[in-house]
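Chain by chain, the residues run as shown.
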Amino acid sequence: MRITDDLGASHGWRLRRGVLDDGREVFAKSGGASEVFAAEAAGLRWLSEAIAVPEVIEVGPDRLVLSWVRQEPPSAGAAERFGRALARLHRAGAEGFGAPWPGFIAELPMDNSPAPDWPSFYGERRVLPFLRLARLPAADVALVERVVERLAEVSGPEEGPARIHGDLWSGNVLWSGGDGVLIDPAAHGGHRETDLAMLDLFGLPYLDRVLGAYREEWQPAEGWRGRVPLHQLHPLLVHVVLYGGGYRESLMRAVRRVLAL
């Protein structure tokens with residue numbers, strides 16, 4: 001592979017653009033040996049069965065090479081196509097809550113071992129581990145733990161495991177070929193409202209069109225909008241761990257909204 005552009009670094013990984021001998025453009029991520037590259041490749045291949053993602057060209061213990069995604073400005077039509085595709089992705093389902101590969105979000109490991117239901121998975125595999133890392137005041141910790149105790153009560157109607165991206169903020173949706181292309185997954189069998197809530201957390205171009213098309217394809221369960229803060233607890237805890245207390249108030253605002261359900 002011939003490197004054509006150095007794209008900087010992210011979470012300790014070097015990012016580059018290159019060209020293969022056969023002329024194909026690629027994106028390469030490299031760093032110290034880690035399970036993160038194999039996990040990302042496994043997630044991309046799994047998602048590719050139902051939605052557009054980059055092709056995995058090569059994966060090794062210290063690198064991941066993907067097909068290059070040529071980006072374009074988003075449009076209302078692309079947003080609607082993406083919303084329908086996202087609903088179909090979720091409907092593709094999973095064997096259970098969790099995944100048969102290690103979980104990562106940024107460089108942080110996540111436990112993907114199976115759980116019998118989504119409240120158990122979310123509380124024990126996502127919220128509590130990051131709560132222990134977040135170094136929050138004791139009063140805040142107690143409130144988050146109270147949410148975990150109430151998860152079965154506030155998580156809405158029971159649904160089977162959906163095939164989800166798992167870290168679906170706007171930066172992980174690239175617009176290309178008149179559609180949305182997903183990158184950097186934390187893919188696992190989870191709750192489909194998690195992806196919808198993540199899209200809402202930092203905004204997405206034409207989000208109203210995405211959600212409208214999604215609802216036409218597969219209507220979310222009644223009350224899903226009220227549960228958005230519940231599904232944002234994990235990503236907000238991740239941001240507290242990675243970036244510090246500047247996200248604490250957003251986290252605790254979401255906690256208070258969940259406790260009011």
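Look up a bit, the structure's there.
Computed from a predicted structure; not experimentally measured.

S.K.: Now, about the pairing of strand β10 (residues 179-182): what can you tell me, with residues and values included?
M.R.: As judged from the four bridges shared by strand β9 (residues 173-176) and β10, these two strands associate in the antiparallel manner. In the strand pairing of β10, Ser 176 is matched with Asp 179. The antiparallel pairing of β9 with β10 creates a hairpin that spans two residues between the two strands, and Gly 177 there sits at a positive phi of about 60°.

S.K.: Mind laying out the sheet that holds strand β4 (residues 56-60), listing which residues take part and the relevant values?
M.R.: Strand order in the open sheet formed by five strands is β1-β2-β3-β5-β4, with antiparallel pairing between adjacent strands. Bordering the open sheet on either side are β1 (2-10) and β4, each of which pairs with just one other strand. Sheet twist, expressed as the average angle between the axes of neighbouring strands with direction ignored, equals 15°. Where strand β2 (residues 13-19) meets strand β3 (residues 25-30), six bridges bridge the pair, whose relative direction is antiparallel.

S.K.: Which residues make up helix α3 (residues 118-133), and what values go with them?
M.R.: In a regular helix each residue adds 1.5 Å, so 16 residues correspond to 22 Å; α3 covers 22 Å between its end C-alpha atoms and thus fits that length. Taking the largest bend as the criterion, α3 deviates by roughly 35°, centred on Val 127, and proline Pro 129 comes between one and four positions later. Among the residues of α3, Trp 118, Pro 119, Ser 120, Phe 121, Tyr 122, Gly 123, Arg 125, Arg 126, Val 127, Phe 130 and Leu 131 are the ones counted as buried. Positioned one or two residues after α3, Arg 135 has a phi angle of 55°, which is positive.

Calculation notes
- Residues numbered from 1 in each chain as written.
- Predicted model: local features only at pLDDT ≥ 70, side-chain atom pairs only at ≥ 80, totals over all residues.
- Heavy atoms only, no water.
- Pairing = 2+ DSSP bridges.
- Helix = DSSP H or I, 4+ residues; strand = E, 2+ residues; numbered from the N terminus.
- Axes fitted to C-alpha atoms, helices over the stretch in contact; angles between N-to-C directions.
- Expected span 1.5 Å × (residues − 1).
- Bend = angle between axes of the 7 residues up to and from the residue.
- Buried < 20%, exposed > 50% of the residue type's maximum accessible area, 1.4 Å probe, protein only.

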